[in-house]
Amino acid sequence: MVVLAPLALTLAIALPASVFLLHLLRGSQWQARVPAIFLWQGIAPSVAGHVRQRLPRLTVLFLLQLAVAASSGIVLARPATQLPGVPQHLVLVLDASPSMHATDLPPSRFDAARARAESALSELRPGDKASLVRAGRSATVLASGSPEEVREALKHARPGAATGALRDAIALASQLTASTPGMRGRILVLTDGAFPPFEPLGALATPVEFVAVNASSSTGNQAILSVQVRSQPTARGRRVASIELANLAADPATLPVQLLDAATGREFARRSLDLPPDSFANLVVELPPGLSRLSVVLDRPQPDALSLDDRAEIDASFTGLRSLQVLLVAPTPTPLREALEAIPAVQLTVVTPEAYPEAISGADLVVFDSLLPGELPPKPVLIANPPTGNGLLPILGTFTAASLTLADNSHPLLRGIDLAPLTGVTGKRLARLPWAHPVLATSEGPLILEGFHRGSPVVVFAFDATPSGFDKTLAFPLLVGNAVERLIAQQPDMAVAAGQPLALPAPSSGRVILVYPDGHQQTIEPKGDQIWIRDIDQVGRYVVLDGSDTQAILAEFSVNLFDPGESDIRPRHDLAPLPAARTASTVTSTEAEVAVREWWRVLAVGLLVLLGIEWLVFTRRG
Amino acid sequence: MRVPRLAFTRGKAALARLWTRTPANPLVVGLSELPWHQFDRLHLVSHRPASAGPGGEHLSRLRAPAIDFFDHRAYQVGDDPRWIDWNVYGRLGSLQVKVTQAEERLHLFLVLDCSASMDWGEPSKFRRAVEAIAALAYIGLRQAAVVRIVCLAEQRRTLGPVTGRNRFPDVLRFLTATAPGGSLTLAEALERIPTLLPLGTQPVQPLIVLVSDLLVEEPSDLARAFDVLLGQGADVALLHLLSPQEESPEPLGEVELVDAETGQRVSLGLTMEAISAYRQRLSAWLASIERLCTERGLRYTRACTDRPLEWLLIEDLRRAQLVR
């Protein structure tokens, strides 16, 4: 038995006490009506006795009045019984986006969210179930089971460096609650509200409550949004760094920018930039010769709330530094040649298939257009329009006008490409390649694939661009440019975006060891000829070591938080609850009220009966 | 619903109609349960000659001329020689005058005390008083009396004069529409009753029946009122009603007594000793009331309300010679 309004219980004592006092102070004497008073006047007190205050007589009417008064207080206290049959399934969705690193709520917003989660877990009763979903780069179920298991997983949860997949996490949480139809589902999303708006979710099995960590909307942040190194157009061989800075705050800010040689730690330039509120600016700094790795730091005496975007590091050795020797192997002049020649850093050499073996030695990238040799060279390779009957890519047929079924616009190969013209190209239906995976696919088969063939990155355009006129569109040279950049970038010493999976050629020893920026290591087993690094969720410098005893450095890459949406750590949502779509098999919060059965209605009826009895007694007494 | 037992008595239709209209009125219920057929044998007795005109059943002060022979008496100077019985003179040689008797209607005043003190006791004094007034009116109308009913309250209500049995429904309607309440100075109200007497060449000597609890602190005030009525030649009879609770109060302990009419309050311990003292006072007061009635030749009947009305009328009032 529980009492929903315990304060009203005081009335259960106060009201009868008031009735008692009323009787004591005023009602100790009966009032009796007599036809004439003169016959009673003057009767001596010695005969009549002394009139004095005394305890009220315990008559039926008095006891009924006390019972009614006490019952009123009990009814107002809303007594209820808990129904044991409806356990709860609490799903905690933890926003692990980079903004949760912000330290405006010491020690961090993520820790504040963790504390709220633990508080919610502590409210669970025996028999309840809990789940923990981390909304990081992707939605991940960290734990599902008893509250103790979830509490343990909660201790090890960390915020990430990629935009949180909050929408997917809520959908996943809804599925989790739907998987336990006998339990009352409850989804708590613990977030700071600093996430981009997401598309409306479909029907949810359980209403979603947002629990906002108390992040202040006045908390500002200054960030490095991007760093690019390019050749100076006017002076060949000299490089400049273009740094995009942002003041994502309501007040103006001065940003002292420090540029360092990351390899030596030596500062070679320092600039200061005044930025008005909510503004962006570009800073261009000439780089010293021989700089291989550039580090940019916002060197402020007082760090802002989010330190992840106060430092960036990129590899400056290849970007725009040297010209790219591209060997185009084609039987006839093709549109691909024009597209390759349009790339500024490319020095294109076009050879026929017969002259190809001699020309391959100095090439950084080999492009095969409408032909394939028997063996691919150990270099980055772009294959366009593979011919039928080649020994490397089995072609099962052709197709046209197929609808797209897979298209990731954020993939580096497809960045900035209008995909609509690709639906009309003549595609080559390829057999499944164990070393490549599709990037763009139609219902008939993949159009663009990438992968590693014997350790070398390969991109395949499995279509003929000429018949459909795709080679005349703007998308074609962009696609070729992206492919060249992708193929070159997938060599060791590269820049990687947070959250993006990275594929590396597997070393001869097989496994590799990935050293994270925070120092902890992870051994990764090869998958075919490739090593897939998926868990890139920290900002900083990653090192890939050979898994053998030598532990030679195979590759290094930097991950930076170049995300304006995450750098803006101010809450942007009112976090209104999301309603659930009620289904017959779902125990929703409405039924949660049934879990506590209130008795005040029954007691109120009893109270009325008591009042009726009191009235009857009163009227019968006259 | 109970059917009134007045099925074969006069006024049954009126009571039945009243019952139908106001079935919840306890007065109607009480009236419907009276043994009306037993009252058919009763006659009101007045110590004054009737003077409300011919057609009645009460003796008139007029001895002649009349049809009914009553007696002979010796001739006196001034007697009308036409009433000399010459047959007696022939046999006896003395002049004898024939005396006859006439019957006239009786002026009957039924006075009901409607003060708040009457609405007390179980059964209520007022209810019993209304029943008594109704029964007396029934008897009077049956005897062709000229009946007036006076309800003494803060606002006096009167009915009448009514004559004849067919007016009994009017009596019932009037009585059942009466309710007790308010304060009343009984002596002053009684003193104003003569204003209701009809004016005429001959003095009206009505039979006034007062049904009341007579709760007057000073009996001398009541005596003065009775003297006023007697001075008008009225024949006054009193039906003094007391409730059992008045005669024997319960020991309630610490009580605050509230006067039903004045609201005056007295706090006292209602012990057995106090009740005993009260009963002594009550006895003394009752004795003084009875004494002043006796001294003035008033017919006084005291009855308790728990006594059935038929017993009250047939035994008590007959003993008091108000009915026969």
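Cut-off values and rules
- Residues numbered from 1 in each chain as written.
- Chains lettered and ligands numbered in written order.
- Predicted model: local features only at pLDDT ≥ 70, side-chain atom pairs only at ≥ 80, totals over all residues.
- Heavy atoms only, no water.
- Pairing = 2+ DSSP bridges.
- Helix = DSSP H or I, 4+ residues; strand = E, 2+ residues; numbered from the N terminus.
- Axes fitted to C-alpha atoms, helices over the stretch in contact; angles between N-to-C directions.
- Parallel < 35°, antiparallel > 145°, perpendicular 65-115°, else oblique.
- Left-handed = near helix turned anticlockwise from the far one by under 90°.
- Contact = heavy atoms within 4.5 Å.
- Nonpolar A, V, L, I, M, F, W, Y, C, P; charged D, E, K, R; others polar.
- Polar contact = N/O pair within 3.5 Å; in protein donor to acceptor, adjacent residues only side chain to side chain.
- Salt bridge = Lys/Arg side-chain N within 4 Å of Asp/Glu carboxyl O.
- Buried < 20%, exposed > 50% of the residue type's maximum accessible area, 1.4 Å probe, protein only.
- Buried area = accessible area lost by both parts, 1.4 Å probe.
- pLDDT = per-residue confidence, 0-100.
- Patch = residues over 30% accessible without salt bridge, like charges linked within 9 Å, V, L, I, M, F, W, Y side chains within 5 Å.
- Areas by Shrake-Rupley, 256 points an atom, 1.4 Å probe, with all protein chains shown as cover.

1. A look at the sheet that holds strand 17 (residues 346–351) of chain A
All names here are of chain A.
Here is step 1: Ordered in space as 17-16-18-19-25-24-23-21, the eight strands form an open sheet in which the pairing is mixed. Edge positions in the sheet fall to strand 17 and strand 21 (404–407), since each has one partner strand and no second. Recorded for the sheet is a direction-independent mean angle of 20° between the axes of neighbouring strands.
Here is step 2: Two elements, strand 24 (residues 446–453) and strand 25 (residues 456–461), share six bridges in a ladder whose sense is antiparallel. Bridge pairing in strand 25 links Glu450 to Val459.

2. Regarding the packing of helix 7 (residues 219–231) of chain B against helix 9 (residues 272–295) of chain B
Residues and elements named next belong to chain B.
Here is step 1: Two elements in contact, helix 7 and helix 9, have axes separated by 10 Å at closest approach and are oriented at 20°. Relative to helix 9, helix 7 is oriented roughly parallel. When you trace helix 7 past helix 9, the crossing you get is right-handed. Listed contacts from helix 9 to Pro219, Leu222, Ala223 and Phe226 of helix 7 are Trp285, Ser288, Ile289, Leu292 and Cys293.
Here is step 2: A class-by-class count of the residues in the contact of helix 7 with helix 9 yields eight nonpolar, one polar and no charged.

3. Looking at the side chain of Asn385 of chain A
Residues and elements named next belong to chain A.
Here is step 1: The residue Asn385 is located in the loop between strand 19 (381–384) and strand 20 (395–400) in this model.
Here is step 2: For Asn385, the side chain forms a polar contact with the side chain of Lys428, separated by 2.5 Å.
Here is step 3: Ignoring anything within four residues of it in the chain, the contact list for Asn385 reads Asp369, Ser370, Leu371, Lys428, Phe461, Phe463 and Asp464.

4. Quick look at the pattern of salt bridges
Residues and elements named next belong to chain B.
Here is step 1: Under the counting rule described, the total for this entry stands at 35 salt bridges over all chains.
Here is step 2: For Arg173, the salt bridge goes to Asp170, with nearest N and O atoms at 2.6 Å. With Arg173 and Asp170 both in helix 5 (residues 168–176), this residue pair falls three residues apart, about one helical turn.
Here is step 3: The exposure class assigned to Arg173 is partly exposed, which follows from its relative accessible area of 34%.
Here is step 4: Given a relative accessible area of 22%, Asp170 falls into the partly exposed group.
Here is step 5: Across the salt bridge formed by Arg224 and Glu191, the nearest N and O atoms sit 3.2 Å from each other.

5. Topic: the pairing of strand 31 (residues 530–533) of chain A
Note on strand geometry: in a regular strand, side chains alternate between the two faces of the sheet.
Residue and element names in this part refer to chain A.
Here is step 1: Neither face of strand 31 is exposed, since Gln530 and Trp532 on one face and Ile531 and Ile533 on the opposite face are all buried.
Here is step 2: One ladder, built from four bridges, connects strand 28 (residues 502–505) with strand 31; its direction is antiparallel. Bridge assignment links Leu504 to a residue of strand 31, and that residue is Ile531.

6. Here we look at the interface of chain A and chain B
The parts lose accessible area when they come together, and the size of an interface is often stated as this lost area.
Here is step 1: Chain A puts 24 residues into the contact, and the matching count from chain B is 34 residues.
Here is step 2: For the pair chain A and chain B, the summed buried surface comes to about 2800 Å²; carbon and sulfur atoms form 61% of the total.
Here is step 3: Among the residues of chain A in contact with chain B, Arg33, Pro35 and Trp40 of chain A are the three that bury the most area, contributing 27% of the side total.
Here is step 4: Linking chain A with chain B are zero salt bridges.
Here is step 5: Counting across the interface, chain A meets chain B through nine residue pairs in polar contact (both at pLDDT 80 or more).
Here is step 6: Of all elements in the fold, only strand 2 (30–34) and helix 2 (45–48) of chain A reach the threshold of two or more residues within the side of chain A that touches chain B.
Here is step 7: The element contributing the most residues to the side of chain A that touches chain B is strand 2 of chain A, with five residues.

7. What to know about the sheet that holds strand 6 (residues 139–145) of chain A
Residue and element names in this part refer to chain A.
Here is step 1: Taking strand neighbours across the sheet as the criterion, the five strands line up as 6-5-4-7-8 in an open arrangement whose pairing is mixed. Pairing within the sheet leaves two strands with one partner each, and these edge strands are strand 6 and strand 8 (208–212). Strand after strand, the sheet turns through a mean of 20° between neighbouring axes, direction not considered.
Here is step 2: Examined bridge by bridge, strand 4 (residues 88–95) and strand 7 (residues 184–191) share seven bridges and lie parallel to one another. Across the sheet, Gln88 pairs through a bridge with Arg184, a residue of strand 7.
Here is step 3: Helix-sheet contacts for helix 5 (residues 147–156) involve strand 4, strand 5 (129–135) and strand 6, and the interaxial angle to strand 6 is about 140°.

8. Points about the side chain of Arg109 of chain A
Here is step 1: With respect to the helices, strands and loops of the structure, Arg109 of chain A is situated in helix 4 (residues 109–122).
Here is step 2: Under the relative-accessibility criterion, Arg109 of chain A is labelled buried at 0%.

9. Some words on the confidence of the model for chain A
Here is step 1: Residue-level pLDDT values for chain A average 80, and 87% of them are 70 or greater.
Here is step 2: Between residues 582–593 of chain A, whose pLDDT stays under 50, and residues either more than four places distant or in other chains, the model counts 16 contacts.

10. Section: a nonpolar patch on the surface
Here is step 1: Side chains of Met1, Val3, Leu9, Ile74, Trp599, Val602 and Leu603 of chain A sit close together on the surface and give an oily, nonpolar patch of about 600 Å² of accessible area.
Here is step 2: With respect to the element layout, Met1 of chain A can be found in the segment before strand 1 (2–3).

11. Some remarks on the environment of Leu142 of chain A
Residue and element names in this part refer to chain A.
Here is step 1: Note on placement: Leu142 falls in strand 6.
Here is step 2: Put simply, Leu142 and Ser131 are 11 residues apart on the chain and 7.6 Å apart in space, counted from C-alpha to C-alpha.
Here is step 3: Every residue in contact with Leu142, bar those within four places of it in the chain, is listed here: Leu132, Arg134, Ala153 and Ala157.

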